[in-house]
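An overview of the molecular structure
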Amino acid sequence: MILKPPLGDIKIIGYYLGKIIIGLALAMLIPIILGLSAAEINPLLDFTIGLEIALIFGLLLTKLCFTEKDPNWMQGMIVVSLSWLAAMILSAIPLYLSGHYKSFLDSCFETMSGLTTTGLTLAQDLDHLSYAHNLWRHLGPFIGGQGIAIIALALFMKGSAGGFRMYVGEARDEKILPNIIQTARFIWLISIVYLLLGTVALGIVGMLSGLKPQNAFFHGACIFMAGFDTAGFAPQSQNILYYHSAIFEIVTVVFMIAGSINFNLHYQLWRGNRRELLKNIETRTFLLSVMVTFLIVSVGLNKLGAYSGALTLFRKGFFQLISGHTTTGYMTIYAQQFIREWGNLALVGIICAMALGGSACSTAGGIKMLRVGIIFKALKQDIKTMALPERAIVIQKFHHIKTLFLEDKQVRGVLLITTAYIALYVLGALVGIWCGYPVLDSLFESTSAAGNVGFSCGITDAGMPAILKLTYIIQMWAGRLEFMSVFALFGFIWAAIKGKR
Amino acid sequence: MIKTLVCTLLLILLLLSISFAQPVPSTDLINNAKEYDAKIVVYAGEVIGDIMQRGDFAWINVNDGQNALGIWANNSLVKDIVYTGSYKSTGDTVEVTGVFHRACPEHGGDLDIHAQAIRKTTPGRSVQRKLNPGKRNLVIVLLGVLSLIWILSLFKRK
C-alpha cells in the first residue's frame, strides 16, 4: 500500500529548497555587479527583478516550512530534483527579459541546458547580448557543473547527514574528504582556483589572437566556465570558430579534459599522487575510448575526403571528438556540416563518444567512464569464469583511487544506470523522429541532450516543436541527475496523488 | 591582338558579374559548401565582435542574420571598419567579395572567405538604450513585496 506523504515531509523539502533558491538568488549579484560596471542599465534591472523574485520564493519557503530536521534519503533526492527545476525557471527570468529569447520556454531551455552543462542554445542574436546576460549564461554551467545543492552545502550547512543525501542526489556518490561539507568546499576551491588560472591563460591567448583586452578576459572567463564545466556555451554565435586560433583550441581542449576528470582524481593530483592518473580505471578507459572513437571518426572523414590534409583532419576531427567525449560540445565547425560533410560513419563515432561521456564525480555527462570500465571488467570476469574449471573462483579487481574488488551488486547498479541512459537516448530520438526529423539526426541530437553534450546537427532551433524542447529539457535534467532523484520525485508525486492516509 | 581583346572583355565581364552579383546567404554557403568551394562569392552582413589583427592580415566575423562567417582580409581592407556589432553598437554592414573555402587548408580546415575586396554599405552606430520604465516599476513593486515578507518574518520569529 502506498502512503500519502505527511505534511512534515513537505515542510522539510520546502525548507531546504528555499535555502537553495536563496543561494541561487545571491549568485545573481555577480551579473548585477558586472551590469553596473559595464553601465548596462536594462540588464541590471533584469537581474534585479530575477534576484527579487528568487528571494521572495526562497524567503517564503524557508519561513513557512522552517524545520530543524535533516532530510532523509527520499527527501534529499526530491529537494535536489526540485531545486534544479526551480533554478531553471528562476534563472530564466533575466534571460527572458533580455528580449533575446522567443518564448519563456526557450529561456527555460537555455538555463536547463546551462545548469546541466549541456550547452544547446536557443538564444537569438547572441552577438548583441549584453555582458551581464552572457556572463549569466556561462555562470549556469559553473553553478550546475559543481552542483546546485553543493552551493547550499558549502554556504549554508554546518555538517549533516542530510547534506550527504543531497550530494548523492546530484549524481555524486564519492566523498573526497571524510566530511561532506569539506568535500563540497573542496570542489568549489578546485573550481575557483582553476577559474582564475583558466581565465588568465585564455585571456592571454585571446589577446595574442587579436581580441581587445577586456573582451579577451571576459571571453576567457566565459570559455573557461563553459569548458571546464563541459557545457560548450560561448559568448559569440560561432562558438570556438569565432577565434580562428589553433592555440585557443589547444588550451580549450586541455580545460575540457580537466573538467571531465573525476574531482577525486583532481584531489589525488593536488596531493602529488600523479601515479593515480596512470593507474585509474577511468583515465585508462577514457584513453582507450578516445582512441577507438577517434579511429572511427578519422576513417569516416577520410573515406569522404572531408579534409584535404592529415593535420587538418586531425585538428577538426580530434577537437570535435574530444569536445563530444568530454560532453562539452564546443564546435569549430557549423552544425549543418556534421550532417552534410561528416558522413554517417564519423557521426556514429561522435555519437558513441557522446554517449559514453566523461568521468564520474566530474562535471561531465554521459554514461561515464567508471561504469564503462566496470562493465568491461565484469565481461572479462565472466569470460574467465567460463574458460576456467567450475570450481575455480575468479576475482576481478580494478583501481579507482584504491584497489577494489568487483562485486555483483556494483555491476547490477552500473548496468541499471547504463540501461536507463540508453533508454533515454532512444526515447528522445523517437520523439525527434515523430516530429519529422531523420533517424540519425534525431539520435545525434537526443544523445547530445541526454548526455549533456551540447552538439547540434541543426535540430535545436527556436523553431523546433515545443514538445521536442520539453523532451530535451527532461533529457538534460534526468541525464545530469543520473535518474535516481528524478525517479524519487515521480514516486513522491505518485504517492501524493494515489497514496492513502 | 584579338586574343588580348577577348581576354580583356572576358575579364571586364567577370568583374562586372562579381560587382553586380547578389550576396549569397550564409546558410546557402554552409549547406552547399562543396559547390561554392574555391569559387569567388559575394557575401554581405554586419561585422560583429572584435577585429582580430594577425600580422598584415586580420580576421573579421560577418553575420548576415543567419550565421556569422569568418573573413580573412588584408589589414588595408578592414581599415575603414569603425563599428563592430555588440550590445552597445550595431556594426558596419559590409559586402565582401572573396574566395570561399569549405575547409580552408591555410586555416586548419575552417569554413571561411579570403577577402579580395570589402565595401562598407551601411555605417554602424552606437546604440543608446533608454531605461525601461516598466522594468523599473517592477523592481520597485517587488522590492516592496520583499520588504513586507522580511518584516512579517521578523514578527513570526518573535
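With that settled, the discussion passes to the overall build of chain B. Check the secondary structure of chain B and you find five helices and seven strands. Order of helices (α) and strands (β) in chain B, N terminus to C terminus: α-α-α-β-β-β-α-β-β-β-β-α. Expressed as a percentage of the 158 residues in chain B, the buried residues total 33%. Counting only contacts in chain B whose residues sit at least 6 apart along the sequence, the fraction spanning at least 24 positions is 57%.

A few words now on helix H14 (residues 281–304) of chain A. Residues and elements named next belong to chain A. With 24 residues, H14 extends 35 Å between its outermost C-alpha atoms, agreeing within 8% with the 34 Å of an ideal straight helix rising 1.5 Å per residue. Those residues of H14 not exposed but buried are Ile281, Glu282, Thr283, Thr285, Phe286, Thr293, Val297, Ser298, Gly300 and Leu301. Taken together, the buried residues of H14 touch helix H13 (275–279), helix H15 (310–325), helix H17 (343–356), helix H18 (369–387) and strand E1 (397–400). Phi turns positive, to about 65°, at glycine 305, one or two residues after H14.

Residues and elements named next belong to chain A. Following both chains from N to C, one finds helix H2 (residues 29–37) and helix H3 (residues 41–64) inclined at 160°, their axes separated by 9 Å at the closest point. Regarding the angle of H2 to H3, the classification is roughly antiparallel. As for the relative orientation of H2 and H3, their crossing is left-handed in sense. Counted together, Pro31, Ile32, Gly35 and Leu36 of H2 and Pro43, Leu44, Phe47, Thr48 and Leu51 of H3 form the full contact between these two elements. Looking at the contact of H2 with H3 residue by residue, the classes come out as seven nonpolar, two polar and no charged.

Turning to the sheet that holds strand E2 (residues 57–63) of chain B, a few remarks are in order. Two modes of strand pairing occur in sheets, parallel and antiparallel, and in both the strands are linked by backbone hydrogen bonds. Residues and elements named next belong to chain B. Pairing is mixed in the closed barrel, where five strands are placed in the order E1-E2-E3-E6-E5. Across this sheet, the average inter-strand angle for adjacent strands is 55°, counted without regard to direction. Bridging between strand E3 (residues 68–74) and strand E6 (residues 110–122) involves three bridges; their strand directions are parallel. Within E6, the residue paired with glycine 70 across the bridge is aspartate 112.

Before going further, it helps to examine the environment of isoleucine 333 of chain A. By the element assignment, isoleucine 333 of chain A lies in the loop between H15 and helix H16 (335–341). Ignoring any residue separated from it by four or fewer positions in sequence, one finds isoleucine 333 of chain A in contact with Lys316 and Gln320 of chain A.

Before going further, it helps to spend a moment on the confidence of the model for chain B. Chain-level statistics for chain B give a pLDDT mean of 90 and a share of 85% at 70 or above. For this predicted complex, the interface score ipTM comes out at 0.88, while the overall pTM is 0.90.

Next up on the list: the packing of helix H6 (residues 131–146) of chain A against helix H10 (residues 213–228) of chain A. The description of two packed helices rests on the angle between their axes and on the distance between the axes. Residue and element names in this part refer to chain A. Closest axis-to-axis distance for the H6/H10 pair is 8 Å, and the angle between their directions is 25°. The angle between H6 and H10 falls in the class roughly parallel. As for the relative orientation of H6 and H10, their crossing is left-handed in sense. In contact with Tyr131, Asn134, Leu135, His138, Leu139, Pro141 and Phe142 of H6, H10 contributes Phe218, Cys222, Met225 and Ala226. When its residues are assigned to classes, the contact of H6 with H10 shows nine nonpolar, two polar and no charged.

This part is about the interface of chain A and chain B. Residue-level contacts link 44 residues of chain A with 40 residues of chain B. Those elements that provide at least two residues to the side of chain A that touches chain B are H3, H15 and H16 of chain A. Ranked by residues supplied to the side of chain A that touches chain B, first place goes to H3 of chain A with 13 residues. Residues belonging to the side of chain A that touches chain B are distributed by class as follows: 18 nonpolar, 16 polar and 10 charged.

Moving on to the environment of arginine 315 of chain A. If you trace the backbone, arginine 315 of chain A turns up in helix H15. Note: C-alpha distance between arginine 315 of chain A and methionine 464 of chain A (149 residues apart in sequence) is 31 Å. What arginine 315 of chain A contacts, discounting residues up to four positions off in sequence, is Ala246 of chain A together with Gly108 and Gly109 of chain B.

Our focus in this paragraph is the nonpolar core. Within the largest apolar cluster, 181 residues are counted, with the highest numbers of intra-cluster contacts made by Ile21 and Ala54 of chain A together with Val62, Ile71 and Ala73 of chain B. Looking at which element gives the most residues to this core, the answer is helix H4 (residues 73–97) of chain A, with 14 residues. Setting aside residues no more than four positions away along its own chain, isoleucine 71 of chain B makes contact with Ile60, Val62, Val96, Gly98, Asp112, Ile113 and Ala115 of chain B.

Quick look at unusual backbone geometry now. Peptide bonds are, in most cases, trans, and in most cases residues other than glycine have a negative phi. All names here are of chain A. Despite not being glycine, histidine 244 shows a phi value in the positive range, around 45°. Along the chain, histidine 244 turns up in the loop between H10 and helix H11 (246–259). Unusually for a residue other than glycine, cysteine 361 sits at a positive phi of about 50°.

This next bit is on the pairing of E3 of chain B. Most of E3 of chain B is tucked away: six of the seven residues are buried. Where E2 of chain B folds back on E3 of chain B, the antiparallel hairpin that results is connected by four residues, among which glycine 65 of chain B adopts a positive phi of roughly 100°.

The next point concerns the pairing of E1 of chain A. All names here are of chain A. Residues Phe398 and His400 of E1 are buried on one face, while the alternating residues Lys397 and His399, pointing to the opposite face, are not. Summarising the sheet, E1 and strand E2 (residues 402–405) pair through four bridges and their orientation is antiparallel. Looking across to E2, one finds that phenylalanine 398 is bridged to leucine 404. Following E1, the chain reverses through one residue before pairing antiparallel with E2; isoleucine 401 in that reversal takes a positive phi of roughly 70°.

Cut-off values and rules
- Residues numbered from 1 in each chain as written.
- Chains lettered and ligands numbered in written order.
- Predicted model: local features only at pLDDT ≥ 70, side-chain atom pairs only at ≥ 80, totals over all residues.
- Helix = DSSP H or I, 4+ residues; strand = E, 2+ residues; numbered from the N terminus.
- Buried ≥ 20, exposed ≤ 12 C-beta atoms within 10 Å, placed from the backbone.
- Contact = placed C-beta atoms within 7 Å.
- Expected span 1.5 Å × (residues − 1).
- Axes fitted to C-alpha atoms, helices over the stretch in contact; angles between N-to-C directions.
- Parallel < 35°, antiparallel > 145°, perpendicular 65-115°, else oblique.
- Left-handed = near helix turned anticlockwise from the far one by under 90°.
- Nonpolar A, V, L, I, M, F, W, Y, C, P; charged D, E, K, R; others polar.
- Pairing = 2+ DSSP bridges.
- pLDDT = per-residue confidence, 0-100.
- Core = buried A, V, L, I, M, F, W, Y, C linked by C-beta atoms within 7 Å.

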